[in-house]
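An overview of the molecular structure
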Amino acid sequence: MELNNKSLFRQECFVNGNWVKSHTEKTLDVNNPATQEIIGKVPNFTAQETKSVIENANTAFETWKNTTAKERSVILKKWCDLIIENVDDLAKIMTLEQGKPLAESKGEILMGASYIEFYAEEAKRVYGDVIPDPRPGKRIVIIKQPVGVVGAITPWNFPSSMITRKCAAALAVGCTTIVKPASQTPYSALAVAELANQAGFPKGVFNIITGSAKEIGKELTENPIVRKISFTGSTEVGKILLQQSASTVKKVSMELGGHAPFIVFDDADLDEAVLGAMQSKFRNSGQTCICSNRIFVHENIYDEFLKKFTDEVSKIKVGNGLESGIVSGPLIDKSSLEKVIDHVQDAVNTGAKIAIGGDIHSLGGNFYQPTVLSNVSTKAKITFEETFGPVAPLYKFSSDEEVIKLANDTPYGLASYFYSRDIGRIWNVAEALEYGIVSINNGLPTIAEVPFGGVKESGMGREGSRYGLDDYLTIKYISMGGI
Ligand code: NAP
């Protein structure tokens, strides 16, 4: 791999300030989803090794928690600057292991850096409270303190920004962190660890370990020293981690699956709605937790929207994300491809028409054609399950009540989108949608300044914004008498 800064490609874990292999010498292969070639190997850490990382992180916590917000902010800012300086190399590493086009990888790296910048500033604003005491001679003071050692488990679809989004908030308030990245995309994680090291975090404050998810995950969730688990990934794995964390009653944040509705009302600006649908559906080849998965279009504008949307989808250039002009890369692996094939087949079997795409791509491998399905049945699998691929199912609706009911008919509640120009409708629909995020006339709602997170089986806790700090803080009530 041609990198300007070769130190960014690391094949060891970053633990207690050192780069280390597993003592078992066991490794995991990492491959390029565009070519299936093996890029390299990373250590397969054991539960015993994880335990020792946790103990070191706890020792580091004793000092780190007592640093000033200003000191932590300076190191975070340095880390952010180093990430921005190395954006080209970091993007290359990401595209190689994850498949998304280079421009999208750069966007993710910069987005990841923006969380660090935000929390470097917000670190200074962890305010407490003084509550007027109704009792004479007494005072009530509230302070906020870091929760302790944090275990973070992150997914392959955003291999860098999901780490910085969690860790920047945790580190800003004085917690120490241990990250287990997805096994398919460890190199983006190890690269940001190299830059964290260069930024000057003391040893043991920021750690990255790779290996068996089950083994590492069990130790992180059941070890009583770890006081907080922050997870981004599937609802299925989130439920396992919640159960495991119950044994030591840990604080938890769960950013889980989504099944976003995207509603186009008949008063919408259609061109804007088409743009929003493109952005929210096809980014990362449809592999984001806030991808629109069900596109509901009012019957009065259905045909016009379908035509405009299909025209735009026909322009998507699919290929290896390292090549110029590519806007859609491969799916992450074979099983993801099989899920997409199954969802499309099932939709067609239950009455859907293929407006464009509908098949594996001529490039072969993990590539699938950007696809639009019209007249999809509400009984099709795709209506209930997250597809995680470049497939847009369209449904026709005739009233606000009907579409709100359809949109909420899912156990998920992460992101939702709708397009309208009517102020009354906008308030009513925004309040009626059972989602953590309601994005109105906007296909790209995620930035560092907002509280990102879901309701129902999409999880709990928020990342980003000042609310994101609360997930790594405990509230202490100090009662004072004798005054
Ligand atoms: P996943 O299978 O749940 O994996 C996510 C992470 O969990 C990986 O690091 C994985 O490690 C680890 N893991 C798997 N099984 C585990 C276990 N038993 N114990 C501990 N850790 C375990 O999810 P994914 O397929 O990578 O990601 C896609 C899902 O994430 C989608 O549902 C998507 O909606 C969701 N997501 C949500 C958000 C959000 O913010 N809400 C953001 C992005 C993605 P290995 O890789 O080693 O298996």
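Scroll up for the structure.
Residues numbered from 1 in each chain as written. Predicted model: local features only at pLDDT ≥ 70, side-chain atom pairs only at ≥ 80, totals over all residues. Heavy atoms only, no water.

1. Observations regarding the overall build of the chain
On a plain count of helices and strands, the chain comes out with 14 helices and 20 strands. Over its C-alpha atoms the chain spans a radius of gyration of 23 Å, differing by no more than 12% from the 23 Å that the globule rule assigns to 483 residues. Across the 483 residues that make up the chain, the buried fraction comes to 57%. If you take every contact in the chain between residues at least 6 apart in sequence, the share linking residues at least 24 apart comes to 72%. Put simply, the chain shows about 19,400 Å² of open surface, and 53% of that area lies on carbon and sulfur atoms. (Helix = DSSP H or I, 4+ residues; strand = E, 2+ residues; numbered from the N terminus. Rg over C-alpha atoms; globule rule 2.2 N^0.38 Å. Buried < 20%, exposed > 50% of the residue type's maximum accessible area, 1.4 Å probe, protein only. Contact = heavy atoms within 4.5 Å. Areas by Shrake-Rupley, 256 points an atom, 1.4 Å probe, with all protein chains shown as cover.)

2. What to know about the sheet that holds strand β16 (residues 391–397)
Across the sheet, seven strands lie side by side as β14-β15-β16-β13-β12-β17-β18; this open sheet has mixed pairing. Both edges of this open sheet fall to β14 (353–356) and β18 (437–440), since each of them pairs with a single strand only. Each neighbouring strand pair of the sheet contributes to a mean axis angle of 25°, computed without reference to strand direction. When β14 meets strand β15 (residues 371–374), the two strands line up antiparallel, connected through three bridges. (Pairing = 2+ DSSP bridges. Axes fitted to C-alpha atoms, helices over the stretch in contact; angles between N-to-C directions.)

3. Quick look at the site of the ligand
If you check the shell around the ligand, you find 28 residues, and the closest are Thr154, Ser183, Ser234, Leu256 and Glu386. Backbone polar atom of Thr154 to an oxygen atom of the ligand: 2.7 Å apart, as the coordinates give it. Measuring from an oxygen atom of the ligand, one finds a side-chain N or O atom of Ser234 at 2.6 Å. Summarising the interface, the protein chains cover 86% of the accessible area of the ligand, which totals 920 Å² for the free molecule. According to the grid-proximity analysis, the pocket containing the ligand is the largest pocket. Mapped by element, the contributors of at least two residues to the shell around the ligand are α7 (213–222), β10 (226–232) and α8 (235–246). Looking at which element gives the most residues to the shell around the ligand, the answer is α7, with three residues. Classifying every residue of the shell around the ligand gives 14 nonpolar, nine polar and five charged. (Near = heavy atom within 4 Å. Polar contact = N/O pair within 3.5 Å; in protein donor to acceptor, adjacent residues only side chain to side chain. 1 Å grid on protein atoms, 1.4 Å probe; cavity = no way out; pocket = protein on both sides within 12 Å on 5 of 7 lines; lining within 4 Å. Sits in = over half its atoms within 2 Å of the grid points. Nonpolar A, V, L, I, M, F, W, Y, C, P; charged D, E, K, R; others polar.)

4. Considering the packing of aromatic side chains
This structure, assessed with the given rule, holds 15 aromatic pairs. When the centroid spacing of 5.6 Å and the interplanar angle of 80° are considered together, the rings of Phe265 and Phe397 count as edge-to-face. Of this pair, Phe265 sits in the loop between β12 (260–264) and α9 (270–282) while Phe397 is found in strand β16, placing the two residues 132 residues apart along the sequence. Each member of the pair, Phe265 as well as Phe397, is classed as buried. By way of ring pairs, the aromatic residues Trp64, Trp79, Phe201 and Phe206 are connected into one cluster. The positively charged end of Arg165 is found above the aromatic ring belonging to Phe452, 4.1 Å away from the centroid. Taking NZ or CZ as reference, Lys396 lies 4.9 Å from the ring centre of Tyr302, over its face. (Phe/Tyr/Trp six-rings, centres within 6.5 Å; stacked < 30°, edge-to-face > 60°. Lys NZ or Arg CZ within 6 Å of the ring centre and 35° of its normal.)

5. What about the pattern of salt bridges?
Here the structure, examined in full by the defined rule, presents 23 salt bridges. Of the charged contacts in the structure, one is a salt bridge between Lys308 and Asp271, with a shortest N-O distance of 2.8 Å. Separated by 37 residues along the polypeptide, Lys308 in helix α10 (residues 302–313) and Asp271 in helix α9 bring together distant segments of the chain. Taking relative accessible area as the criterion, Lys308 reaches 28% and is therefore assigned partly exposed. What makes Asp271 partly exposed here is its relative accessible area of 49%. Among the salt bridges present, the one from Asp342 reaches Lys381, with a minimum N-O distance of 2.7 Å. Of the two residues, Asp342 is situated in helix α11 (residues 334–349) and Lys381 in the loop between β15 and β16; the sequence distance between them amounts to 39 residues. Among the residues examined, Asp342 registers a relative accessible area of 34% and is labelled partly exposed. By relative accessible area, Lys381 is classed as partly exposed at 30%. Beyond isolated ion pairs, a larger network of salt bridges with shared partners links Asp266, Asp267, Asp400 and Arg425. (Salt bridge = Lys/Arg side-chain N within 4 Å of Asp/Glu carboxyl O.)

6. Considering the environment of Lys106
For Lys106, the location among the structural elements is in helix α4 (residues 102–122). Placed 11 residues apart in sequence, Lys106 and Thr95 show a C-alpha to C-alpha distance of 9.2 Å. Every residue in contact with Lys106, bar those within four places of it in the chain, is listed here: Val87, Asp88 and Ala91.

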